[in-house]
Amino acid sequence: MWKFIHRLASPKHFYRIAGKWIPWLMAAAVILIALGFYGGLVKAPADYQQGDSFRIIYLHVPAAWMSLFIYMVMATSAAIGLIWKIKLADLFATASAPIGASFTFLALVTGSIWGKPMWGTWWVWDARLTSELLLLFLYLGFMGLQAAIEDRRNAARAGAVLAIVGVVNIPIIHYSVEWWNTLHQGPTVTRMDKPAMHISMLIPLLQAAAGFQIYYFATVLMRVRSLVLQQERRSGWVRELLREEGVR
Amino acid sequence: MNPRRKRRLIMVLVLVMGIGGATALALVAFRENLLYFNSPSDVAAGKAPKDRLFRLGGMVKEGSVQRSDDGLSVTFVLTDYASDITVRYSGILPDLFREGQGIVANGKLGPDGVFVANEVLAKHDENYMPPEVAESLQMPPTEKMRREGAAR
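Residues numbered from 1 in each chain as written. Chains lettered and ligands numbered in written order. Predicted model: local features only at pLDDT ≥ 70, side-chain atom pairs only at ≥ 80, totals over all residues. Heavy atoms only, no water.

## What about the interface of chain B and chain A?
Selection criterion: Only heavy atoms enter the contact rule, under which two residues are in contact if any of them lie within 4.5 Å. Note: buried area is the sum, over both parts, of the accessible area (probe 1.4 Å) each one loses when the two are combined. Salt bridge criterion: a side-chain nitrogen from Lys or Arg within 4 Å of a carboxyl oxygen from Asp or Glu.
The interface is formed by 40 residues belonging to chain B together with 43 residues belonging to chain A. Interface area for chain B against chain A, summed over the two sides, is near 3700 Å², with a carbon-plus-sulfur share of 65%. On the chain B side of the contact with chain A, Tyr36(B), Glu126(B) and Tyr128(B) bury the most area, a combined 20% of that side's loss. Linking chain B to chain A there are zero salt bridges.

Okay, here's the thing in structure tokens:
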């Protein structure tokens, strides 16, 4: 087990193993998202109050969950990179940020589109919406900070500190709807009680969420692979790989 | 674990706990200001700001919605089952506005005790179900929400 993990942490083996996993992960993600969207957008019944408008939940909620999940992955791997000086962990954090920012943006936009007809406004400055917007700025700040620092190790260190400081926002986003009176409704699925959603609507939502999660793993592996190639471009195994592929 | 890694690990943990603690203190201090809206009971207790815009949240009381002849102005009673406040509003109401629905109104308290709103937003609850299920609960959705509102 440990031997496998140690080998995985070496860029060369990671590159090879990740390359094998990506097609399978992508296929699983496409199947799950297709199932979830078909179940949610076509088969699930309309909501008793919102009618068909509630169906944006199948995009909005998985995207919002992913925005939090990816941040935790990013901050954890940045912390591992900071403490144990594992290059691959730093690359995971760097590769996760744009994906997380995209999911955060998607959650904000779909929420806004739903909010106009349902709440009567595109945007309100309540605790949930504001803290989610702050999360988008944290992602963008992390990306900007890393891009602004020339030296790779300094960039990784500065980014890691920012990512770790930003972790404090994650529980605030999750509990904002319980701690304060917000316009955003309380949690439907992620609560101690049983989900406040009919099972015929819930199953497609969970399928879509699982699909989004696997899609994230597939894309982050793709991004880390290309970062590995870029960083190891002068090493022997990359030159050999290029020769095998017939480049140059 | 070698001492340098251990030191960095402790540094990260102290950073997380320090920031977390500082944020928790700040949030507790600003607790009241982070409320998006006040309840009718807050207004009755005189806690809501006077001569200034604030947000009022509550349930639209059953049978209290009255539309005026020009079709745009509407008055209704907002309640949190402890206190009631009459709200006057003219404009477009959101889709989810109905009797028994939770809403948030932004406006000012007039001298006659009527809340004059310039914006009305619907607050949705966290329940999702098909219409048949809502019917078969033997309880109209509004009833269910009122009970939840009272329990809250």
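## Thoughts on the side chain of Gln146(A)
We apply this condition: Labels follow the DSSP assignment, with helices taken as runs of H or I lasting at least four residues and strands as runs of E lasting at least two, numbered in each case from the N terminus.
By secondary structure assignment, the location of Gln146(A) is in helix H5 (residues 127-148). Beyond its immediate stretch of four places on either side in the chain, Gln146(A) contacts Thr94(A), Ala155(A), Ala156(A) and Gly159(A).

## Some thoughts on a nonpolar patch on the surface
Residue and element names in this part refer to chain A. Let me state the cut-off plainly: Like-charged residues are merged into a patch within 9 Å and nonpolar side chains (Val, Leu, Ile, Met, Phe, Trp, Tyr) within 5 Å, provided each residue has over 30% relative accessible area and no salt bridge. Note on areas: Shrake-Rupley, 1.4 Å probe, and residue coverage restricted to the protein chains presented here.
Taken together, the side chains of Trp 2, Phe 4, Ile 5 and Trp 21 present a nonpolar region at the surface, about 460 Å² in accessible area. In terms of residues, the nonpolar patch owes the most to one element, helix H1 (residues 2-8), which gives three residues. Locating Ile 5 in the fold gives a position in helix H1.

## Here's the deal with the pairing of strand E6 (residues 115-122) of chain B
Residue and element names in this part refer to chain B. Note the following rule: Strand pairing follows a simple DSSP-based rule, namely that at least 2 bridges must link the two strands.
Across three bridges, strand E4 (residues 84-90) lies against E6 in parallel orientation. Note that in E6 the partner of Arg 88 across the bridge is Val 116. With seven bridges joining them, strand E5 (residues 102-109) and E6 adopt antiparallel strand pairing. Of the residues in E6, the one forming a bridge with Leu 109 is Phe 115. Counted between consecutive antiparallel strands, the loop separating E5 from E6 contains five residues, among which Gly 113 sits at a positive phi close to 85°.

## Some points on the pattern of salt bridges
Under the convention used in this document: Remark: exposure states derive from per-residue accessible area (1.4 Å probe, protein chains only) relative to the maximum for the residue type, with buried under 20%, exposed over 50%, and partly exposed in between.
Summed over all chains, the structure comprises three salt bridges over all chains. Here Asp52(A) and Arg55(A) are joined by a salt bridge, their closest N and O atoms 3.0 Å apart. We note a salt bridge from Lys61(B) to Asp84(B), for which the minimum N-O separation is 2.5 Å. Note that Lys61(B) is positioned in the loop between strand E1 (54-60) and strand E2 (66-67) and Asp84(B) in strand E4, a separation of 23 residues in sequence. The exposure class assigned to Lys61(B) is partly exposed, which follows from its relative accessible area of 35%.

## What about the nonpolar core?
Residue and element names in this part refer to chain A. Which entries qualify depends on this criterion: Residues belong to a common nonpolar core when they are buried Ala, Val, Leu, Ile, Met, Phe, Trp, Tyr or Cys residues joined through side-chain atoms within 4.5 Å.
Grouped together as the largest cluster of nonpolar side chains are 47 residues, with contacts concentrated most on Tyr 71, Met 74 and Val 224. Put simply, the parts of the chain that give this core at least two residues each are helix H2 (11-43), helix H3 (57-84), helix H4 (87-119), H5, helix H6 (152-166), helix H7 (169-179), helix H8 (199-231) and helix H9 (236-245). Broken down by element, the residue count for this core peaks at 11 residues, all from H3. Once you skip the residues sitting within four places of it in the chain, Tyr 71 turns out to touch Leu 135, Leu 138, Tyr 139, Leu 162, Ala 163, Gly 166, Val 167 and Ile 170.

## Remarks on the packing of aromatic side chains
All names here are of chain A. Here is the rule we go by: Classification of ring pairs uses Phe, Tyr and Trp, with its six-membered ring standing for Trp, and accepts pairs whose centres are within 6.5 Å; under 30 degrees between planes counts as stacked, over 60 as edge-to-face, and the remaining range as tilted. Either the NZ atom of lysine or the CZ atom of arginine qualifies as a charge over a ring when it sits within 6 Å of the ring centre and within 35 degrees of the ring normal.
Counted according to the given criterion, the structure contains 15 aromatic pairs over all chains. With 6.2 Å between their ring centres and 75° between their planes, Phe 14 and Phe 92 make a pair best called edge-to-face. Of the two residues, Phe 14 is situated in helix H2 and Phe 92 in helix H4; the sequence distance between them amounts to 78 residues. On the basis of relative accessible area, Phe 14 is assigned to the buried category, the value being 5%. Through successive ring pairs, a cluster of aromatic residues spans Phe 37, Phe 103 and Phe 212. One residue, Arg 225, lies across the ring of Tyr 15, its end atom 4.0 Å from the ring centre.

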